[in-house]
Amino acid sequence: MPRPRLRPLWRRTTDMNAAARPEEPAAAARTGPGLARRLGVGDAVVIGLGSMVGAGVFAVWSPAAQAAGSWLLLGLGIAAVVAYCNAASSAQLAAVYPISGGTYVYGRERLGEWWGFAAGWCFVIGKTASCAAMALTFATYVTDVGWLRRLIALAAVLALAAVNYRGVTRTARLTRILVTCTLVVLAVVLVVLFTGEHQHQPATGTSVYGVLQSAGLLFFAFAGYARIATMGEEVREPARTIPRAITVAVVIAIGIYLLVALALLRTGDPASTAAPLAAAVDGVGAAWATPIVRIGAALASLGALLALIAGIGRTTLAMARNADLPTWLAAVHPRYQVPHHAELALAAVVGVLVLTTDLRGVIGFSSFGVLLYYAIANASAFTQPAGQRRWPRAVNVVGLTGCVVLAVTLPWRSAVVAAALLAAALLVRRFRTGRAGSARS
């Protein structure tokens, strides 16, 4: 039985690349005011890098190395391949559907309403947890006092939510500054580690499951390129800008992570500490650089948190526009042209999380939700016709398979909690749609 025609979530925009227009489906007017297109390729790349080259590059190596043992580079390679396939699928879709919402929109348009809802919900819960993780990571590098750490994390959430509230161009400018500082710090650290004394580490065993679990955990550090696609309504010439920005951001991030992994394996044991970069710098006799690492980790956490708030706000906006979340969240500020209700609600939820939770299990929880999100993106891209394709369908198949495999190999507690939240959301939506159908009849 053919799928009923869905009301399109987006309309044609005057600044789209003309080459993309013949492939656009017929579109109706979008509900509510639109967002301003102010970002170019450089801005979009910076926002993506601000999400990827964030706290993950300072914190994710320890759990990944514990799972992979001596095969950490293989786990990184698998994560990079899956990330690239996901980025290609997202870029291909975003060029045709240049509206806020990312895979929530793509899933609805290509697969059906329920798939879009599942993607949007996975993104929101996974990335909301990531916001709390970034805020707590920032606070951890600022102070060792437990109660003060939570207050500092809360202050960071409120401050960066205020920046987002004032407009996306301010977000891009501050993200550019934070990314630049982070890259400078990483460059200093890498020079110190590659010029330091090599320390031979004994080989440690692992299993195929351990390597795959490490890849799933390392994927947490790659997932920031989604922020570019979710902001598709705010970039100029989206059919050209989004694919270029996503590809450039992912390639740069892969190069940075590879250098960091090689440096860590050369100078120390990343599985032995929760702060492997700081430990490695100290291990080569460069204790003077330890404060630099702490400053870099704090700045990276802020950059990732800033971009996360922007991206989640846009996906929430898209879901609220279609009544998959309360329609109050679909409001766009008349002056700053940002989804201000969505960002205020997100700041409130993340504020509660940083005051009540800790970092344990958050990476696995976030990775599970985001991997399912990208699995739906790959399935959506697979259905696109030849005129909309920029990569072969094999890329979508590899991405979809990789996402599912990595998701099921993550720590089981994180996977079970995330799956339970998704199931609960689907049941609530089923109940609401059932009641709405009964009322109409």
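Thresholds applied
Residues numbered from 1 in each chain as written. Predicted model: local features only at pLDDT ≥ 70, side-chain atom pairs only at ≥ 80, totals over all residues. Heavy atoms only, no water. Helix = DSSP H or I, 4+ residues; strand = E, 2+ residues; numbered from the N terminus. Contact = heavy atoms within 4.5 Å. Areas by Shrake-Rupley, 256 points an atom, 1.4 Å probe, with all protein chains shown as cover. Disulfide = S-S within 2.5 Å. Axes fitted to C-alpha atoms, helices over the stretch in contact; angles between N-to-C directions. Parallel < 35°, antiparallel > 145°, perpendicular 65-115°, else oblique. Left-handed = near helix turned anticlockwise from the far one by under 90°. Nonpolar A, V, L, I, M, F, W, Y, C, P; charged D, E, K, R; others polar. Core = buried A, V, L, I, M, F, W, Y, C linked by side-chain atoms within 4.5 Å. Buried < 20%, exposed > 50% of the residue type's maximum accessible area, 1.4 Å probe, protein only. pLDDT = per-residue confidence, 0-100. Patch = residues over 30% accessible without salt bridge, like charges linked within 9 Å, V, L, I, M, F, W, Y side chains within 5 Å. Salt bridge = Lys/Arg side-chain N within 4 Å of Asp/Glu carboxyl O. Phe/Tyr/Trp six-rings, centres within 6.5 Å; stacked < 30°, edge-to-face > 60°.

Undergrad: Help me out: how do you make sense of the overall build of the protein in this one?
TA: Each helix and strand counted, the protein has 17 helices and zero strands in total. Put simply, of all contacts in the protein between residues at least 6 apart along the chain, 82% involve residues at least 24 apart. Counting every atom, the protein has about 17,100 Å² of accessible surface; 67% of that belongs to carbon and sulfur.

Undergrad: Mind showing me how you'd approach the state of the cysteines here?
TA: Enumeration according to the criterion identifies zero disulfides in this entry. Here C403 stays unpaired: no disulfide links it, and the sulfur of C85, its closest cysteine neighbor, is 8.7 Å away.

Undergrad: When you look at the packing of helix α4 (residues 72-94) against helix α16 (residues 393-408) in this model, what are you seeing that I'm missing?
TA: If you want to describe how two helices pack, look at the angle between their axes and the distance between the axes. With their axes 8 Å apart at the nearest point, α4 and α16 run at an angle of 125° to one another. Considering the angle they form, α4 stands oblique to α16. Handedness of the α4/α16 crossing: left-handed. Facing α4, whose interface residues are I78, V81, V82, C85, N86, A88 and S89, α16 presents V395, N396, V398, G399, G402, C403 and L406. When the residues that make up the contact of α4 with α16 are grouped by side-chain class, the tally is nine nonpolar, five polar and no charged.

Undergrad: Help me understand the nonpolar core, please; the structure alone is not making it clear to me.
TA: What tends to happen in soluble globular proteins is that the nonpolar side chains get buried as a cluster. With 140 residues, the main nonpolar core has W61 and Y257 as its most contacted residues. In this structure Y257 touches M52, V53, V57, W61, L76, A221 and F222, once residues within four positions along its chain are discounted.

Undergrad: What should I look at first to understand the confidence of the model for the protein in this one?
TA: Residues at a pLDDT of 70 or more form 83% of the protein, whose mean pLDDT is 79. Here residues 1-7 scores under 50 on pLDDT; set against residues more than four positions off or in separate chains, the count is 14 contacts. Note that pLDDT drops below 50 for residues 9-31; the model gives that stretch 56 contacts with residues more than four away or on any other chain.

Undergrad: What is the right way to look at the packing of helix α13 (residues 290-321) against helix α14 (residues 340-356) in this model?
TA: Axis separation between α13 and α14 bottoms out at 8 Å; the angle between their running directions is 120°. Viewed along their axes, α13 and α14 adopt a mutual orientation that is oblique. With respect to the hand of their crossing, α13 and α14 are arranged in right-handed fashion. Facing I309, A310, I312, G313, R314, T316 and L317 of α13, the residues of α14 in contact are A342, E343 and L346.

Undergrad: What should I look at first to understand the environment of S414 in this one?
TA: Examined against the element boundaries, S414 turns out to sit in helix α17 (residues 412-440). Sequence separation between S414 and G361 is 53 residues, and the spatial gap between their C-alpha atoms is 6.0 Å. Setting aside its immediate chain neighbours within four residues, S414 contacts G361, G364 and F365.

Undergrad: Is there a simple way to explain the side chain of S130 in this structure?
TA: Mapped onto the fold, S130 is located in helix α6 (residues 113-142). Those residues in contact with S130 that lie beyond four places of it in its chain are F220, L308 and S366.

Undergrad: Sorry, what's going on with a nonpolar patch on the surface here?
TA: Nonpolar side chains collect at one region of the surface, where L73, F194, L258, L259 and L262 lie side by side and expose about 380 Å² of accessible area between them. For the nonpolar patch, the element with the highest residue contribution is helix α11 (residues 238-267), accounting for three residues. Judged by its relative accessible area of 40%, L258 is partly exposed.

Undergrad: Honestly, the pattern of salt bridges in this entry has me stumped. Any pointers?
TA: For side chains bearing opposite charge, pairing can occur when the charged atoms are close. Taken as a whole and judged by the stated rule, the model has two salt bridges. One salt bridge connects R108 with E113, and the closest N-O pair in it is separated by 3.7 Å. Among the residues examined, E113 registers a relative accessible area of 33% and is labelled partly exposed. The closest approach of N and O atoms between E113 and R429, which form a salt bridge, is 3.5 Å. Taken together, the residues span a long stretch of sequence, with E113 in helix α6 and R429 in helix α17 at a distance of 316 residues. When salt bridges that share partners are traced, they join R108, E113 and R429 into one network.

Undergrad: Explanation requested: the packing of aromatic side chains in the structure shown.
TA: Pairs of aromatic rings are described using the distance from one ring centre to the other and the angle between the two planes. Within the structure shown, the criterion is met by seven aromatic pairs. Judged by centre distance (6.3 Å) and plane angle (40°), the rings of Y97 and Y106 are tilted. Take Y106: its relative accessible area is 0%, and that puts it in the buried class. On the numbers, 4.9 Å between centres and 85° between planes, the contact of F222 with Y257 is edge-to-face.

Undergrad: Even after reading the chapter, I still don't get helix α5 (residues 103-110), so can you show me in this structure?
TA: Residue pairs three or four apart in sequence face the same way in an α-helix, which turns once every 3.6 residues. Across the eight residues that make up α5, a large majority, seven, are buried. The set of residues buried in α5 consists of T103, Y104, V105, Y106, G107, R108 and E109. Two residues or fewer after α5 comes G112, characterised by a positive phi angle close to 135°.

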